[in-house]
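Secondary and tertiary structure notes
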Amino acid sequence: MIDITNVSRVYQRGADEIHALEHVSLHVSKGRFVALMGPSGSGKSTLLNVLAGLDRPNAGEVVVGGRRLNELSEDQLAEFRAHTVGFVFQFFNLIPVLSAVENVELPLLLTKLSRAERRQRAETALRIVGLAERGDHLPRQLSGGEQQRVAIARAIVTDADLVVADEPTGDLDARNAEEILSLLQTLKRDFGKTIVIVTHDPRAEKWVDEVIHLDKGLLLETRPGGGLRDVAAS
Amino acid sequence: MALPLSYGWRSLLARGMRTVFTVAVIALVVIATTLFWSLIASLKRTLVSSGSAENLVVMRKGATNDGSSQLTLESLQAIRFFEGIARDSEGNPLISPELVVQPFFATADGGRENVLVRGVEPVALLVHDEVSIAEGRLFNTSSGEAVVGRGVAQRYKDASIGSELKFGRGTWTVVGILESDGSSFESEVWVDARQLANDAKRTLPYSGFRVRVAKGADMDALARRIADDPRFALEATREIDYYENLSSSANTLYVIVVGLAVLAGIGAIFGATNTMYAAVQARTSEIGTLRALGFSRAAILFSFLSESVMTALFAFGVGALGAWALAIFISWLLGGIAFGAATFTTNVIQLRVAPVDLLMPFALSVLIGVFGGLAPAARAARMRPVDALRKA
Amino acid sequence: MKYLPFVLRNLGRNKLRSLLTASSIALAIALVCILRTMPAGLDSFLSSIASNTRVSTHNEAGMVYAMPYAYLQKVRAIPGVVAAISWQWFGGAVDLSKGVAFPNFAVDPEDFGRVYEDWNIAPQALEDFRKYRDAALVGRATLEKNGWKVGDVVTLQSTVFPMQLSFRIVGEVPNPRATQFYFQREYLVQAFQASGTPIDSTGMIWSRIDDPDRVEPIMRQIDEMFRNGEAETASETEKSFFGNFFSSLKGIVAVIQIVAGIVTLCIVFIAANTASMSVRERVGEIAILRAIGFRRKIVFSTLLAEAAILSTLAGVAGALVSLGLTLMLRNLTSSGPQLGPLTGFIVTDTILVQALFLAFLIGIVSGWLPALGASRRSVAQTLREVF
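Keep in mind that what you see is a predicted model, and the values were worked out from it rather than measured.

**Some words on the domain arrangement of chain B**
Interfaces are often sized by the accessible area lost when the parts come together. All names here are of chain B. By domain assignment, chain B separates into domain 1 (5–48 + 249–391) and domain 2 (62–232). The gap between the C-alpha centroids of domain 1 and domain 2 is 46 Å. Of the residues lining the interface, 14 residues belong to domain 1; the matching set on domain 2 comes to 16 residues. For the side of domain 1 that touches domain 2, the elements supplying multiple residues, two or more each, are α2 (16–48) and β14 (346–349). Of the residues that constitute the side of domain 1 that touches domain 2, the class distribution is 5 nonpolar, 8 polar and 1 charged.

Here is the structure:
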């Protein structure tokens, strides 16, 4: 699904030049649940942005779902993201003036579906994440965990193959964090989605198939996570 | 303890763009209201400043201006030796018989306007003592010569010294320029009274008399005596009152200006409030920190309010300067602003912003600063430190 | 169009700010409408008399110089002159302390209707005007201003002649902007005879020419006829006459336009400030929208639409406010004849349309840069900064 070859990314922050990624290569197979982990400043978020088509590397090749992202223009990348990727962020996921179901519907505005079809898909997605009855609520009426679940519903509503999440559990307490990680694992298991998350929460290890460690822009090691062990065990 | 004023203006400097916007809004409102107010005030100044406190205007009863009045030679002979009229060093009464006519003049840009031509005798300069010949000399009687007011010289064709000025039925040689401290005489042309009567084919030689009242004499008694004379239907008004009445046509415009200033001011208050609210929102964590450090609500309120007022006052300064410069520029560009007064004659007004014209815009700016900042400042003060810090 | 609910919802995000911005825009638009009524009143008046065949003849030296009344007969005799009447300024005031509030003239009643055919005065009114010595025809604006109706008797004190006359109103000049007051010349002549001094002069002569192409030559003919006579005349078309009459107002009108322009600039600043504030707050949200696939163009248009919709709605409110305010102004102020069309304070459809368009334009101009900036920000950069 994802093939990253020799990718480097440098950017300016004020007067400093930050080497976020240094010759990183990575392969993620379809249907895997992967976690990018590492200390702050390790480049994990940058790597996520690159493979999601949000950022262009200065060097190297990025192929996702068979498409060469290097060759795509801004508008084409936007289109790619709309169809292929679902996003979950740590904050600001939801538009505060829209209800939960309207938020989930948002990516569908980019498609040619009718109003009724959009609403139906959104409600389905909400049902999958277990928030069917909270569709009309505004984000401020939902708890942190519920907001993340709505964000996940939005990430899957276009039936995208890839779901990326940057620190999805960063702002949540233990119980909610477990719920979110479990939900993500369900998406992989029952819907075959490829999931890449960035996290520094060590609890995530037991849910994912693979843990990829980064530090200072370099990929250090890859090891299997608890999710794989579970699968092997079952 | 109070927050130092420097916190206020340094915050303003830090929020560069936003402060510039607010200053621009308030300054523009100040310019707009000042310009319009000055337009009317310049007009009023021209008209109302005309006239001397020691003169009376004598006209036919019922006439509202000396252009529509006609008086006989007999009436002049009758009243000229009345008690109370001032005398010159040789004992001649200071009474100026005048004939007012309003012929067409061609403007420099091809238009046509009525201009007040006053036929006078040399005694006129003594009675109208604020009028003086600034350049050249007074006309010689029966010579087809004219002196023109400063405003006339710059606005109409062939009106400078030495030119042949065409109006009425003939041509007049301009021999002098008169000035009168900016009053309406500067919009007039003075010629020999007899020649004018001839040219305008007037059977009655005069339209009015201007009378200088002797020092210490009872002006009202003299006016009454002139009016009560049964032989002629005359009335006498103080010259300053006479011109003030003429300027009443500008009153309508005053209403409009004030109304517009109110509207513009309210709009600016909304704009300023908007900006201040945004400032408060953006500095939520800052406020929280200040409150946590122990600054009282009142201190915060005062600080934000003074910020708002400082912005408004600064904007006022910018606007006042802008209006002052713009007024001069517009006046220069248009060759003076013409206003047709009640006499159907044109007064050439120099649009100027006088210090007194800035009082209303100043008050407006202060109001904008106070009301614009009040609600947001109150909100800032009411914030609980813990909420403020959390939002950050 | 499917984005419309989204756009509207965003306006409701910070209701106070939207309300404040809309209010200041509305007030400023109201202001611009009111200011525009002044030159528009003048323009409308001048264009309403633009193409007609009426000619004015007055003493070449100036309007206040008289002409012999006998000139009227001579002008009537010229072939091509359909009808001609004289106007003599009366300068009458209802209340001397308030001065002359509307123009009033003594005219010749027999041909009055033929010279002013296009004024659509009721035939019965014209008939009564001819029949009754003390009859008066009054413009609708003056009737309304003074609360007069047909049948009323009114008295005017002249400020140019030593006399006071009473008139019976027999009809109106139907134009809502018309302020003139006309009565019979014969009535004036008789009043003069009664006081011992006859009057045989007049101020102006108005003629109607049969054919537009004949206007120029006939004007020249009239002036030629009276050259070297007792009073030399200058004839010009009605449009030229009033154009000159009000030309002195050009300066004031110019200042008014400038003030209106400044006010408009003001609003743009206010609206731009709001737009940039509201966009800046949402920088994180906008980044996420772009992340999930919304192209720059869509982000740009929805942000721009927000500013434009708010502005246009505010413009509608402002236009309505101006209608109310001008109504008040009309009732509160009196217009002297020399300010005339300038103080009519009528908000025309044209002004309304212009105002709405202006409001829309303001939305676009003020929202353009913030929207552009927001849509172009590097998504990755924003995510880095915000998170």
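**Here's the deal with the sheet that holds strand β6 (residues 135–139) of chain C**
Residues and elements named next belong to chain C. Taken in spatial order, the 10 strands of this open sheet run β4-β7-β8-β6-β9-β5-β3-β11-β1-β12, and their pairing is mixed. On the outer flanks of this sheet lie β4 (92–93) and β12 (233–237), each paired with one strand and no other. Here helix α5 (residues 123–131) sits on the sheet in contact with β6 and β8 (164–173), set at roughly 160° to β8.

**Thoughts on the pairing of strand β5 (residues 104–107) of chain C**
Residues and elements named next belong to chain C. Here β5 shows two buried faces, one formed by Asn104 and Ala106 and the other by Phe105 and Val107. Of the strand pairs in this sheet, strand β3 (residues 81–89) and β5 are connected by 3 bridges, and their pairing is antiparallel. In the strand pairing of β5, Gln88 is matched with Ala106. Across 4 bridges, the pairing between β5 and strand β9 (residues 181–184) is parallel. Bridged to Asn104 within β9 is Phe181.

**Considering the interface of chain C and chain B**
Contacts between chain C and chain B engage 47 residues on the former and 55 residues on the latter. Secondary structure elements with two or more residues in the side of chain C that touches chain B: α2 (15–48) and α10 (250–281) of chain C. Broken down by element, the residue count for the side of chain C that touches chain B peaks at 15 residues, all from α10(C). Counted by class, the side of chain C that touches chain B contains 26 nonpolar, 20 polar and 1 charged residues.

**Concerning unusual backbone geometry**
Not every positive phi belongs to a glycine, and Asp159(A) is a case in point at roughly 65°. On the secondary structure map, Asp159(A) appears in the loop between α5 (144–156) and β7 (162–166). C-beta crowding within 10 Å serves as the criterion here: with 11 such atoms nearby, Asp159(A) is assigned to the exposed category. A positive phi angle, close to 55°, is found at Ser142(B), a residue other than glycine. Owing to 10 C-beta atoms within 10 Å, Ser142(B) belongs among the exposed residues under this scheme.

**A look at the environment of Leu138(A)**
All names here are of chain A. Along the polypeptide, Leu138 turns up in the loop between α4 (115–128) and α5. For Leu138, a count of 15 C-beta atoms within 10 Å puts it in the partly exposed group. In the structure, Leu138 is positioned 37 residues away from Val101 in sequence and 9.1 Å away in space, judged by C-alpha atoms.

**Brief notes about the sheet that holds strand β10 (residues 218–224) of chain A**
All names here are of chain A. As summarised here, the arrangement of the 6 strands in space is β6-β7-β8-β3-β9-β10, forming an open sheet in which the pairing is mixed. Each end of this open sheet is capped by a strand with a single partner; those strands are β6 (85–88) and β10. Strand after strand, the sheet turns through a mean of 20° between neighbouring axes, direction not considered. Across 4 bridges, the pairing between β6 and β7 is parallel. Along β7, the bridge assignment pairs Val88 with Ala165.

Each value, and the rule that gives it
- Residues numbered from 1 in each chain as written.
- Chains lettered and ligands numbered in written order.
- Predicted model: local features only at pLDDT ≥ 70, side-chain atom pairs only at ≥ 80, totals over all residues.
- Domains from an automatic or database assignment.
- Contact = placed C-beta atoms within 7 Å.
- Helix = DSSP H or I, 4+ residues; strand = E, 2+ residues; numbered from the N terminus.
- Nonpolar A, V, L, I, M, F, W, Y, C, P; charged D, E, K, R; others polar.
- Pairing = 2+ DSSP bridges.
- Axes fitted to C-alpha atoms, helices over the stretch in contact; angles between N-to-C directions.
- Buried ≥ 20, exposed ≤ 12 C-beta atoms within 10 Å, placed from the backbone.

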